[in-house]
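Each chain is listed here by its residues.
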Amino acid sequence: MPKPKDPDNAGAPDGDAAGAQPPETDAERRRRRAQFLRELHEAKALRDRVQPRRARAARMRQAMRMRTFRW
């Protein structure tokens with residue numbers, strides 16, 4: 001359950017003070033990005049499984065785009 005927002009600190013990111021958290025490293029950012037992309041890919045795969053007609057139509061549109069692309 002998310003903690004309630006403090007009205008005195010409304011513009012600051014989640015944390016006790018505006019600058020309390022150290023800046024994230026490149027490795028942490030890459031790790032978070034990789035996790036996000038894994039979850040995104042999983043969600044797209046699930047959507048394709050539960051909506052096969054829409055997934056097929058999307059594949060056909062992508063194939064048409066690839067056929068009509070000019071270098």
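Quick note: structure is the one above.
How each quantity is defined
Residues numbered from 1 in each chain as written. Predicted model: local features only at pLDDT ≥ 70, side-chain atom pairs only at ≥ 80, totals over all residues. Heavy atoms only, no water. Helix = DSSP H or I, 4+ residues; strand = E, 2+ residues; numbered from the N terminus. Buried < 20%, exposed > 50% of the residue type's maximum accessible area, 1.4 Å probe, protein only. Areas by Shrake-Rupley, 256 points an atom, 1.4 Å probe, with all protein chains shown as cover. Salt bridge = Lys/Arg side-chain N within 4 Å of Asp/Glu carboxyl O. Patch = residues over 30% accessible without salt bridge, like charges linked within 9 Å, V, L, I, M, F, W, Y side chains within 5 Å. Lys, Arg positive; Asp, Glu negative; His and termini not counted. Charge placed at Lys NZ, Arg CZ, Asp CG, Glu CD.

**Concerning the overall build of the protein**
Scanning the protein from terminus to terminus reveals two helices and zero strands. Expressed as a percentage of its 71 residues, the buried residues of the protein come to 3%. Just so you have it, the protein exposes about 7,300 Å², and 56% of that area is on carbon and sulfur atoms.

**So, the pattern of salt bridges**
Throughout the structure, instances matching the rule amount to one salt bridge. Note that glutamate 24 and arginine 32 form a salt bridge whose closest N and O atoms lie 2.9 Å from each other.

**A word on a nonpolar patch on the surface**
A contiguous nonpolar patch, built from Phe36, Leu37 and Leu40 and spanning about 260 Å² of accessible area, is present on the exposed surface. Note on placement: leucine 37 falls in helix 1 (residues 26–50).

**Topic: a positive patch on the surface**
Together, Lys44, Arg47, Arg54, Arg61 and Arg65 make up a region of like positive charge exposed at the surface. At the level of secondary structure, the elements contributing two or more residues to the positive patch comprise helix 1 and helix 2 (52–68).

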